[in-house]
2 protein chains.
Amino acid sequence: MKAEPAPALLIRNATLKLEGNPILHDFNWRVEQGERWFILGPNGAGKTTLVKMILGMAWPLYGAEVSVLGNRYGACDISEVRRKVAWASPFLSSWTAETNTRWTTLDVALSGLDSTVGFYRKATKAEVELAYRALERIGAKQLADRYFDRLSSGEQIKALIARALIGHPALVILDETCVYLDLCSREALLGAIDDLANGPDSPTMIFITQRIEEITASFTKGLILGEGRIQSMGSRAEVLTADNLSRTFGIRIRLHKRPDGRFWPVPE
Amino acid sequence: MKAEPAPALLIRNATLKLEGNPILHDFNWRVEQGERWFILGPNGAGKTTLVKMILGMAWPLYGAEVSVLGNRYGACDISEVRRKVAWASPFLSSWTAETNTRWTTLDVALSGLDSTVGFYRKATKAEVELAYRALERIGAKQLADRYFDRLSSGEQIKALIARALIGHPALVILDETCVYLDLCSREALLGAIDDLANGPDSPTMIFITQRIEEITASFTKGLILGEGRIQSMGSRAEVLTADNLSRTFGIRIRLHKRPDGRFWPVPE
């Protein structure tokens, strides 16, 4: 008898408070390995807190279960788990600015190996090879030698996704990756994310956004988070409805559909 | 014979280089007092540099003219001019976080009087009255006593716009004010900006964005900036065309029109 593979994420009965205020309420979620989920939610819905909980940086109240890639938090070495979970966020780009060193895109990708911001040692030949492959996966190999602080916002976030991918993580969290991008850079990045999602050895992926039009058809399951609770959860078609979105954002929304399955929300 | 009123902005032959790289090329622009302009442009177009030039924080090459509210830079006291020009940007909200003091929304609005970030003295009764009026103009009076760092992103940017309005500026620059906002907060903020634009004593307004759907009908004139050059300039109807936008963003765009004149750009 073969054992079932562990889910990529299993969260049960998670209630999480910050300074006494409940941020997540009785949160229950199961993500199977290889699935690609979107998480949609307005400002203050609890999206960032959820990421912190998955990374083991914020803890729910007693009685909850948080298991990541089969490892139950509280009964495992979280630093081991974190090596298999990668998080890419545009907020990381400002951290690199603070180090006062000029990092190349290759340095930024390499820094994912040590989970540092900036790369503070000499890379081995094998590591450089890994970094090039990570950059290639997100379509950014040609940026390798350029200075990170000279890249456009769209190029920077590609470098940060490569940084997330270098260790071949089992779970990748893409956190508001399009927030600073213009139309053209956003479409280019979404295309690269789709290629990654549909390519070989695609990791389990979680795509967090507050913009409905960014959710490509690669993300086949999803949930809407509102005020720390799951407002809707299921297949893409079940979750992305005008009714659900109107309720979530508190204004009437009409959805303008594009043939490839993306939706543009137009307030009525 | 009555003298013509000075234009709010007059920029002639402005070429501006940073570290030897041209950021703005031969820029020519005239804004009459009371007009409401949008500036649209992709990442790296030169929008921020243009704002810096208007604020006297970046200077074009010799031979250019920059006149703000009738004052020609190089032949006036720029600090006097700056008092009449207000700039609101969400990037200001992170500066307040760095001061390690808990400012109320009223403090943030008051700080506009001294052009500081945070308010470092006791306000007079008249000044507090001004702050309340500025908050009221942007629909945020009820936030006065709340801590700024506890507000949502949408509430914070309203406080920062109130900060910009407190000195009754003649020229208001709203710089990517919606970038962090979810659908609902964005619509609320755009409604408040429209009320300000169409209310009594509306200042000259410049609305900078890279998102076409944020440009409400209040902004009747506009320009598209691309690679430091004006790609298109004129009335709202002349500038916001699918052809112009496709050229600017380098991808084919179809415009989904809403009856009130707003456009949603859908890449083809």
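(A) How the structure looks around the overall build of chain A. Of the regular secondary structure elements, chain A holds nine helices and twelve strands. Against the compact-globule benchmark of 18 Å for 268 residues, chain A has a radius of gyration of 19 Å, which places it among compact chains. Considered along the principal axes of its C-alpha atoms, chain A spans approximately 50 × 45 × 45 Å. Within chain A, the proportion of its 268 residues that are buried is 55%. Partitioning the intrachain contacts of chain A with sequence separation of at least 6 by distance along the chain shows that 62% fall at a separation of at least 24. Looking at charge distribution, chain A has the averaged site of its 33 positive side-chain charges lying 1 Å from that of its 31 negative ones.

(B) Up close: the relation of the copies chain B and chain A. Between the two copies, chain B and chain A, the superposition gives an RMSD of 0.0 Å; the rotation angle is 180° and the shift along the axis is 0.0 Å. Overall, the copies show the geometry of a two-fold rotation axis.

(C) Fine view of the sheet that holds strand 4 (residues 65-68) of chain A. Residues and elements named next belong to chain A. Ordered by their spatial adjacency, four strands build an open sheet running 2-1-4-5, and the pairing between neighbours is antiparallel. The sheet terminates laterally at strand 2 (21-31) and strand 5 (71-72), the two strands that pair on one side only. Bridge count for strand 4 against strand 5 is two bridges, and the pairing is antiparallel. Paired with Ser-67 across the strands is Arg-72, a residue of strand 5. Its contacts with the sheet place helix 1 (residues 47-54) against strand 1 (9-18), strand 2 and strand 4, and it is angled at close to 120° to strand 1.

(D) Just the pattern of salt bridges, in detail. Inspection of every chain in the model, using the stated rule, returns 34 salt bridges over all chains. Between B:Arg150 and A:Glu19 there is a salt bridge; the shortest N-O distance is 2.7 Å. With B:Arg150 in the loop between helix 5 (125-137) and helix 6 (153-165) and A:Glu19 in the loop between strand 1 and strand 2, this pair bridges two chains. The class for B:Arg150 is partly exposed, based on a relative accessible area of 46%. The salt bridge partner of A:Lys221 is A:Glu35, with a shortest N-O separation of 3.5 Å. Taken as a pair, A:Lys221 in strand 9 (residues 221-226) and A:Glu35 in the loop between strand 2 and strand 3 (36-40) lie far apart in primary sequence, 186 residues in all. Judged by relative accessible area, which is 17%, A:Glu35 ranks as buried. A network of salt bridges, in which partner residues are shared, links A:Arg186, A:Glu187, A:Glu213 and A:Arg262.

(E) Broad picture of the interface of chain B and chain A. Taken together, the contact between chain B and chain A spans 30 residues of the former and 30 residues of the latter. Buried surface at the junction of chain B and chain A, summed over both partners, amounts to about 2700 Å²; 53% is from carbon and sulfur atoms. One can count two salt bridges joining chain B with chain A. Scanning the region where chain B abuts chain A turns up 17 residue pairs in polar contact (both at pLDDT 80 or more). Put simply, the parts of the chain that give the side of chain B that touches chain A at least two residues each are helix 7 (183-198), strand 11 (253-257) and strand 12 (263-267) of chain B. By residue number, the principal contributor to the side of chain B that touches chain A is helix 7 of chain B, which donates five residues. Residues of the side of chain B that touches chain A, tallied by class, amount to 15 nonpolar, five polar and ten charged.

(F) Spotlight on the layout of surface pockets. All names here are of chain A. Taken as a whole, the second largest pocket spans an internal volume of roughly 510 Å³. For the second largest pocket, the lining is made up of 19 residues, of which Arg-82, Val-85, Trp-87, Ser-115 and Arg-163 are closest to its centre. Counting only elements with at least two residues in the lining of the second largest pocket, the list comes to helix 2 (78-82), strand 6 (85-88), helix 3 (92-98), helix 4 (105-114) and helix 6 (153-165). With three residues, strand 6 is the single largest residue contributor to the lining of the second largest pocket. Viewed by domain, the lining of the second largest pocket spans two of them, domain 1 (1-84 + 170-268) and domain 2 (90-168), each represented by three or more residues.

(G) Representation of the packing of aromatic side chains. A full pass over the atoms with the stated rule returns eleven aromatic pairs over all chains. Ring centres of A:Tyr180 and B:Tyr180 lie 6.5 Å apart, and the angle between their planes is 70°; this geometry places the pair in the edge-to-face category. Linking A:Tyr180 in the loop between strand 7 (171-175) and helix 7 (183-198) with B:Tyr180 in the loop between strand 7 (171-175) and helix 7, this pair reaches from one chain into another. On the accessibility criterion, A:Tyr180 (23% relative accessible area) is partly exposed.

(H) Local environment of the pairing of strand 3 (residues 36-40) of chain B. All names here are of chain B. The buried fraction of strand 3 amounts to five of the five residues, a majority that puts the element mostly inside the structure. Both faces of strand 3 are covered, namely the face carrying Arg-36, Phe-38 and Leu-40 and the face carrying Trp-37 and Ile-39. Pairing analysis gives five bridges linking strand 3 to strand 8 (residues 204-209), with the strands arranged parallel. Directly across from Leu-40, in strand 8, lies its bridge partner Thr-209.

The rules we used
Residues numbered from 1 in each chain as written. Chains lettered and ligands numbered in written order. Predicted model: local features only at pLDDT ≥ 70, side-chain atom pairs only at ≥ 80, totals over all residues. Heavy atoms only, no water. Helix = DSSP H or I, 4+ residues; strand = E, 2+ residues; numbered from the N terminus. Rg over C-alpha atoms; globule rule 2.2 N^0.38 Å. Buried < 20%, exposed > 50% of the residue type's maximum accessible area, 1.4 Å probe, protein only. Contact = heavy atoms within 4.5 Å. Lys, Arg positive; Asp, Glu negative; His and termini not counted. Charge placed at Lys NZ, Arg CZ, Asp CG, Glu CD. Least-squares fit on C-alpha atoms with pLDDT ≥ 70 in both. Pairing = 2+ DSSP bridges. Axes fitted to C-alpha atoms, helices over the stretch in contact; angles between N-to-C directions. Salt bridge = Lys/Arg side-chain N within 4 Å of Asp/Glu carboxyl O. Buried area = accessible area lost by both parts, 1.4 Å probe. Polar contact = N/O pair within 3.5 Å; in protein donor to acceptor, adjacent residues only side chain to side chain. Nonpolar A, V, L, I, M, F, W, Y, C, P; charged D, E, K, R; others polar. 1 Å grid on protein atoms, 1.4 Å probe; cavity = no way out; pocket = protein on both sides within 12 Å on 5 of 7 lines; lining within 4 Å. Points joined across faces, edges and corners; volume = space filled by probe spheres on them. Domains from an automatic or database assignment. Phe/Tyr/Trp six-rings, centres within 6.5 Å; stacked < 30°, edge-to-face > 60°.

Bear in mind that shape data such as this cannot, by itself, settle questions of function.
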